[in-house]
Amino acid sequence: MTLSLFSLVPLGACVRTTAALAAGFAMASAMPGCIMNQKQCTEMACSDTFTITAATANKSWAAGEYTLELAVDGSAVSCAYSWTNTPNVGGSGVFVQCSPTVSVSVNAVEICTETRRGGGVSQSCVPAPGQFTQQLAIRGTPARVDVVVRRDGALLGERSFTPAYRTWYPNGEDCGPGCRQDTQDWTLP
């Protein structure tokens, strides 16, 4: 035999309805605590990377034949690309995979505008006319990277970099994975 509170205590219909509603409200108010305490992890990945963003003072990137000579922890990597100073539709530039771990790209500088309406925030970005940066991306965590950049055979710049990595957790520390990354800027003439 199954007993319930309603069968043990004679209550009127109005009191039973009030008791049922109170029990429902108590359960509903407890649920957000349970849901809020659950950690949701995504499968967003990250990779160890050192990035060098090179730009001129006015962000112009002159047309020409570019060569890059790198020493990544002593291992030589070279790369070459042509830049016509004419971006692709949408403002994108060039991308070259120099080696399995090194790539270079020329990208438009973007001008972004943030809009707030009520509690929402949106952002829209457009390419800045005639402004570009060169980005070197090196997978892994090299301790030292030496870079020489030439345009049409003439030395444009050379520099040695010593990365200072930070661990980044795209999903939060509780979810992992973590990856080590550093980005450094380089102003060229």
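The structure we're discussing is the one just above.
My aim in this report is to walk through the structure given alongside it, one point at a time.

**What about the overall build of the protein chain?**
Item 1. Summing up its helical and strand segments, the protein chain has two helices and ten strands in all.
Item 2. The N-to-C order of helical and strand elements in the protein chain reads α-α-β-β-β-β-β-β-β-β-β-β.
Item 3. With 189 residues in all, the protein chain has 29% of them scored as buried.
Item 4. A sequence separation of at least 24 residues applies to 58% of the contacts in the protein chain between residues at least 6 apart.
Item 5. For the protein chain, the exposed surface amounts to about 12,200 Å²; the carbon and sulfur share of it is 56%.

**Section: the state of the cysteines**
Item 1. Evaluation of the coordinates by the stated rule reveals three disulfides.
Item 2. In this model, Cys79 is linked to Cys98 through a disulfide, with the two sulfur atoms separated by 2.0 Å. The chirality of the disulfide connecting Cys79 with Cys98 is left-handed, given an S-S dihedral of about -75°. Here Cys79, found in strand S3 (residues 75–83), pairs with Cys98, found in the loop between strand S4 (95–97) and strand S5 (102–117); they are 19 residues apart in sequence, far enough to count as distant.
Item 3. A sulfur-sulfur separation of 2.1 Å characterises the disulfide bridge that pairs Cys112 with Cys125. Looking down the S-S bond of the Cys112 and Cys125 bridge, the torsion is 110°, so its handedness is right-handed. Residue Cys112 is found in strand S5, and its partner Cys125 is found in strand S6 (residues 120–139); the two are separated by 13 residues along the sequence.
Item 4. By relative accessible area, which is 34% here, Cys125 ends up partly exposed.

**Brief notes about the sheet that holds strand S2 (residues 64–72)**
Item 1. Strand order in the open sheet made by the four strands is S3-S2-S7-S8, with antiparallel pairing throughout. Of all strands in the sheet, those with a lone pairing partner are S3 and strand S8 (154–161), marking the two edges. Each neighbouring strand pair of the sheet contributes to a mean axis angle of 15°, computed without reference to strand direction.
Item 2. As paired elements, S2 and S3 share nine bridges and run antiparallel to each other. Looking across to S3, one finds that Thr67 is bridged to Ala80.

**A look at the pattern of salt bridges**
Where charged atoms from two side chains of opposite charge approach closely, those side chains can pair.
Item 1. Going through the model one piece at a time under the given rule, you end up with three salt bridges.
Item 2. For Arg150, the salt bridge is made with Glu69, and the minimal N-O distance between the two is 3.3 Å. A residue pair is termed long-range when its members are at least 10 positions apart, and Arg150 in strand S7 (residues 145–151) and Glu69 in strand S2 qualify at 81 residues.
Item 3. Here Glu69 falls in the partly exposed class, since its relative accessible area comes to 36%.
Item 4. The salt bridge involving Arg116 is made with Glu114; its shortest N-O contact spans 2.9 Å.
Item 5. Judged by relative accessible area, which is 61%, Arg116 ranks as exposed.
Item 6. When its relative accessible area of 47% is taken as the criterion, Glu114 is described as partly exposed.

**With respect to the environment of Val96**
Item 1. Here Val96 is to be found in strand S4.
Item 2. Separated by 16 residues in sequence, Val96 and Ala80 have C-alpha atoms that sit 7.9 Å apart.
Item 3. When residues no more than four places from it in sequence are discounted, the contact partners of Val96 are Cys79, Ala80, Tyr81, Ser103 and Val104.

Rules of the game
- Residues numbered from 1 in each chain as written.
- Predicted model: local features only at pLDDT ≥ 70, side-chain atom pairs only at ≥ 80, totals over all residues.
- Heavy atoms only, no water.
- Helix = DSSP H or I, 4+ residues; strand = E, 2+ residues; numbered from the N terminus.
- Buried < 20%, exposed > 50% of the residue type's maximum accessible area, 1.4 Å probe, protein only.
- Contact = heavy atoms within 4.5 Å.
- Areas by Shrake-Rupley, 256 points an atom, 1.4 Å probe, with all protein chains shown as cover.
- Disulfide = S-S within 2.5 Å.
- Pairing = 2+ DSSP bridges.
- Axes fitted to C-alpha atoms, helices over the stretch in contact; angles between N-to-C directions.
- Salt bridge = Lys/Arg side-chain N within 4 Å of Asp/Glu carboxyl O.

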